[in-house]
Amino acid sequence: MRLLAWLALLTAAGLASCGSEDRQLGAAGDEGVLRFAMERLNGKPDRLSNYRGKAVLVVNTASECGFTPQFKALERLWRERRDEGLVVLGFPANDFAGQEPRSNSEIAKFCRANFGVSFPMFAKLRVTGDGAHPLFKALGQPDWNFNKYLLDRRGRLVEHWGATTEPDDPELTARLAETLRAG
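K.L.:
Tell me about the layout of surface pockets, and name the residues and values.
P.N.:
In this structure, the largest pocket occupies an estimated 180 Å³ of space. Taken together, Arg40, Leu41, Asn42, Ala108, Cys111, Arg112, Val117, Ser118, Phe119 and Met121 make up the lining of the largest pocket. Here the residues of the lining of the largest pocket are counted per class, giving 6 nonpolar, 2 polar and 2 charged.

K.L.:
Give a description of the environment of valine 87 that names residues and reports values.
P.N.:
Mapped onto the elements, valine 87 comes out in strand E4 (residues 86-92). Overall, the relative accessible area of 2% leaves valine 87 in the buried class. Filtering out sequence-adjacent residues up to four positions away, valine 87 remains in contact with Tyr51, Lys54, Ala55, Val56, Leu57, Trp78 and Pro120.

K.L.:
Go over the pattern of salt bridges with me, naming the residues and quoting the values.
P.N.:
With the rule as written, the count across this model stands at 9 salt bridges. Through salt bridges with shared partners, one network takes in Glu159, Arg175 and Glu178.

K.L.:
Kindly report on the sheet that holds strand E5 (residues 148-151), identifying the contributing residues and their values.
P.N.:
In spatial order, the strands read E4-E3-E5-E6; together these 4 strands make up an open sheet with mixed pairing. With partners counted over all chains shown, the strands left at the sheet margins are E4 and strand E6 (157-161), one partner each. Each adjacent strand pair in this sheet contributes to an overall mean axis angle of 20 degrees, direction not counted. Summarising the sheet, E5 and E6 pair through 4 bridges and their orientation is antiparallel. When the bridges of E6 are listed, leucine 150 appears paired with glutamate 159. The strands touched by helix H2 (residues 70-81) within the sheet are strand E3 (55-61), E4 and E5, with E4 carrying the most contacts at an inclination of about 150 degrees. Lying on the sheet, helix H5 (residues 170-182) is in contact with E3, E4, E5 and E6; it crosses E6 at an angle near 170 degrees.

K.L.:
Would you mind going over the packing of aromatic side chains in detail, with residue names and values included?
P.N.:
Under the criterion given, the structure shown has 7 aromatic pairs. Here phenylalanine 71 and phenylalanine 115 contribute two aromatic rings whose centre-to-centre distance is 5.7 Å and whose plane-to-plane angle is 35 degrees, an arrangement assigned as tilted. Here the residue phenylalanine 71 occupies a position in helix H2, and phenylalanine 115 occupies one in helix H3 (residues 104-115), the gap between them amounting to 44 residues. By relative accessible area, phenylalanine 115 is classed as partly exposed at 21%. Summarising the aromatic geometry, the rings of phenylalanine 71 and phenylalanine 146 are spaced 5.3 Å apart at their centres and angled 85 degrees between planes, so their arrangement reads as edge-to-face. Here phenylalanine 146 lies in the loop between helix H4 (134-139) and E5 and phenylalanine 71 lies in helix H2, a separation of 75 residues in the sequence. Accessibility expressed as a relative area gives 1% for phenylalanine 71, which makes it buried. Taking relative accessible area as the criterion, phenylalanine 146 reaches 0% and is therefore assigned buried.

K.L.:
Could you give me a rundown of the side chain of histidine 133, with the residues and numbers involved?
P.N.:
Structurally, the position occupied by histidine 133 is in the loop between H3 and H4. A polar contact is formed between the side chain of histidine 133 and the backbone nitrogen of leucine 135, at a distance of 2.9 Å. Excluding residues that lie within four positions of it along the chain, histidine 133 makes contacts with Phe36, Met38, Leu125 and Arg126.

K.L.:
Which residues make up the nonpolar core, and what values do they have?
P.N.:
Ranked by internal contacts, the top residues of the largest apolar core, which has 48 residues, are Leu48, Leu57, Phe91, Leu135 and Phe136. Those elements giving two or more residues to this core turn out to be E3, H2, E4, H3, H4, E5 and H5. Here leucine 48 is in contact with Val33, Leu34, Phe36, Met38, Leu89, Phe91, Phe122 and Leu135, once residues within four sequence places are set aside.

Reading the values: rules and limits
Residues numbered from 1 in each chain as written. Predicted model: local features only at pLDDT ≥ 70, side-chain atom pairs only at ≥ 80, totals over all residues. Heavy atoms only, no water. 1 Å grid on protein atoms, 1.4 Å probe; cavity = no way out; pocket = protein on both sides within 12 Å on 5 of 7 lines; lining within 4 Å. Points joined across faces, edges and corners; volume = space filled by probe spheres on them. Nonpolar A, V, L, I, M, F, W, Y, C, P; charged D, E, K, R; others polar. Helix = DSSP H or I, 4+ residues; strand = E, 2+ residues; numbered from the N terminus. Buried < 20%, exposed > 50% of the residue type's maximum accessible area, 1.4 Å probe, protein only. Contact = heavy atoms within 4.5 Å. Salt bridge = Lys/Arg side-chain N within 4 Å of Asp/Glu carboxyl O. Pairing = 2+ DSSP bridges. Axes fitted to C-alpha atoms, helices over the stretch in contact; angles between N-to-C directions. Phe/Tyr/Trp six-rings, centres within 6.5 Å; stacked < 30°, edge-to-face > 60°. Polar contact = N/O pair within 3.5 Å; in protein donor to acceptor, adjacent residues only side chain to side chain. Core = buried A, V, L, I, M, F, W, Y, C linked by side-chain atoms within 4.5 Å.

If you want it as structure tokens, here you go:
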């Protein structure tokens, strides 16, 4: 019986350390999630390290989701706060109920035409399961479209919000303002 309790304790400690290791990305000497080179919707490469020194709001998106109107608030947030050092990065995915069936060029046209999106948008990728892009494995896989991950200026995860938290939610905007002030 004592052996089983000891094994349970070791397993729990091991699982706890695995979770905390994922959240420690961006520690000194580590580029964290900013280490990834990604492809933009237009097919051009972009290194996330280009956004070092900015507060980064990473959002997994889908154009046929009930939360798709959040694009408008994300664009507004980007326009209002980019001079303070905010960048919004959109990552389309078709992982939830097939709500992003469009090609990369169709996603770009849709977002521009319907919501005036001008913030950086990246090529469609997987955000869940074994095939999830390492970016979302590092951040924590979302449970639906329009999850928001706030990174500090060094690329460390500050906070994560689910789809129902709007981009102009007072808690999110307060945490963002705090992150921007932290420099």
